[in-house]
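Observations on the model geometry
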Amino acid sequence: MKSLRLLIAGLLCSPGLLFAQADANKGQIIGTVYDAKQASVSGASVRIRNIETGLVRELETNSSGQYRAVQLDPGLYQIVAQASGFAPTTVDGVSVTVGSAIGIDITLQVEATTTTVEVSDTLINVALPAPSTTLNSNAITNLPINGRRFHDFATLTPSVQVDPSRGQLSFVGQRGINSNIMVDGADYNQPFFGGIRGGERSNSIITVPQSSVQEFQAITTGYAAEYGRSTGGVLNVILKSGTNSWHGEAFYQNRNSELSMEGPIPVNDPTSGELINTKPAESLQQWGGAVGGPIKKDRLFLFISYEQQHAVQPRRVLFPSLLNYTPTAANAPAYHFYKSLEGPFDKTNNAGAGAIKGDYIFGNGSRLTLRYNQSGSEEVNAVTVGGAIEAFTNNALTNEGVEQDRLKFGSAQYTAILSPSVVNDFKFSGSYEERPRLANSSIPGLIASTIGTYGTRNFLPTVQFDKRFQVTDSLSVI
């Protein structure tokens, strides 16, 4: 036990210790201040300022000239270092991403003129190597994606793919239920189906507006113990905050199935004698927008976003084994019954999601963040157990149902600057999800292996709901 206490004390006090991920939903800037002869400068003051929000962190180098600023929000920073007998040196354009530890060494000059350094090259993350990929807001905004589901971008990361059984993210070949999805450092996992909130339904609906996502980090292995929970990888998502200038965006997308080509199947309709045609493409409309800015410059910020989608996909009940079948007097009633179940129907996929985030920066650099996210969806004739939706089905409409998903998710985070070398980060989050799955019919289900299925789906109706609360606290002592 004594050895364990000594080990913990050594880890806390070691200034050179670097974790694979710096902070659960933030980043770090670390470095050393030198003079012109590359000797370290102790007692130098280091002022780190967020260019977009005005957040200021003031530090002092230790006896070895080292400094470290932890729990920094992702964004662009300016660093100003100065010491007695030296001119101030300014470093502009330092980009901090989620989970990174950026190394910036600064050299002070004796001359009385101020030195300014513009960072233009790619910054080096000096954390211990860990297989990870970070996508920023530029990539999220401009890369093509079908459905505005931000987590689909994670498949751009090597060794991250879609789990074919449930459609969830799979890290290094593990099932989606073993992944850990976090939003602003808070748990965003579906406890029943596994993977992201919404379960397999999240494969086709919006749960978090894409326009509210600033960046995210996909980590396949080697993450720090604070992530916990999972044997698979981690998707670490950061939502946008307001800045000192107002910005907004709006979009509208319309993809109409009437513009798609009909695809005939190579059989004749017994009634008309013509080839059966269909337009399998869905008609999809998506619209929404976001706006963010200062309520009080350098102090209070607000960001709001909302997105909506309306989708209709034509499908058709068809029993292929009956297409060229001639009924007998004995089986004519059954034949005509099944033929009466054939015909077109619409599968809908309607969903909406909104998010609001407020940030308050205290005079000493402490930060309070409140965030709330809500989404809802209703899909008629869209019961799914995973896998692709085909244009034709041999399941009668009575075998379908209505899927719904209602999600509420909020969090509070307080990053307290107790001293230049002691930072405490407290997070509280709560989530509630309800997923009713209703049947189209109460008729008992019947499966005819050579024809198809009609009647109630064997797992309908069901209602799944859960509440989850999480409290985390991280104390950083340098």
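Residues numbered from 1 in each chain as written. Predicted model: local features only at pLDDT ≥ 70, side-chain atom pairs only at ≥ 80, totals over all residues. Heavy atoms only, no water.

1. As for the nonpolar core
Just so we agree on the cut-off: Throughout, nonpolar core names a set of buried Ala, Val, Leu, Ile, Met, Phe, Trp, Tyr and Cys residues whose side chains join them through atoms within 4.5 Å. Exposure classes here rest on a 1.4 Å probe applied to the protein chains alone. A residue is buried below 20% of its type maximum, exposed above 50%, and partly exposed in between. Under the DSSP-based scheme used, a helix requires at least four consecutive residues in state H or I and a strand at least two consecutive residues in state E, with every element numbered from the N terminus. A contact between two residues is defined here by any heavy atoms of the two lying within 4.5 Å.
Counting 23 residues, the largest nonpolar core has Phe-150, Leu-169, Tyr-188, Val-213, Phe-216, Leu-235 and Val-237 as the members making the most contacts within it. Those elements that place two or more of their residues in this core are α2 (137–142), β12 (169–171), β13 (180–183), β15 (213–219), β16 (234–239) and β24 (401–419). Setting aside residues no more than four positions away along its own chain, Tyr-188 makes contact with Ile-181, Met-182, Val-183, Gly-195, Ile-196, Arg-197, Thr-207, Val-208, Asn-373, Leu-407 and Phe-409. In terms of nonpolar packing, the next biggest core, distinct from the first, is built from 22 residues, Ala-44, Val-46, Ala-83 and Ile-102 among them.

2. Some thoughts on empty space enclosed by the protein
With a probe scaled to a water molecule rolled over the atoms, the places where space remains empty come into view. Applied cut-off: Of the grid points, spaced at 1 Å and generated over the protein atoms alone, those admitting a 1.4 Å probe that cannot get out make up cavities, while open sets with protein on both sides within 12 Å along at least five of seven lines make up pockets; any residue with an atom within 4 Å of a point is treated as lining. Grid points are joined across faces, edges and corners, and a volume is the space filled by probe spheres set on the points. All residues other than Ala, Val, Leu, Ile, Met, Phe, Trp, Tyr, Cys, Pro, Asp, Glu, Lys and Arg, Gly among them, are scored as polar; the first ten of these are nonpolar and the last four charged.
Taken as a whole and judged by the stated rule, the model has two cavities of 30 Å³ or more. Looking at the largest cavity, its volume works out to about 60 Å³. Along its surface, the largest cavity is lined by Asp-184, Ala-186, Lys-357, Thr-369, Arg-371, Ser-411, Ala-412, Gln-413, Lys-427, Phe-428 and Ser-429. Contributing elements (two or more residues each) for the lining of the largest cavity: β22 (367–380), β24 and β25 (422–439). Classifying every residue of the lining of the largest cavity by side-chain character gives three nonpolar, four polar and four charged.

3. Remarks on helix α3 (residues 332–341)
Quick reminder of the rule: The arc in question is traced by the directions running from the helix axis to the C-beta atoms.
When α3 is considered as a whole, its buried residues turn out to be Ala-332, Tyr-335, Tyr-338 and Lys-339. End-on view of α3: buried residues confined to an arc of 130°, all on one side of the axis. Pointing more than 90 degrees away from the buried face of α3 are the exposed residues Pro-333 and Ser-340. Contacts from the buried residues of α3 go to β26 (446–448) and β27 (452–454). Of the residues flanking the end of α3, it is Gly-343, one or two places downstream, whose phi is positive at about 145°.

4. A word on the layout of surface pockets
Taken as a whole, the largest pocket holds about 780 Å³ of empty space. Every residue lining the largest pocket is counted, 38 residues in all, and those nearest its centre are Glu-52, Gln-214, Lys-240, Ser-241 and Thr-243.

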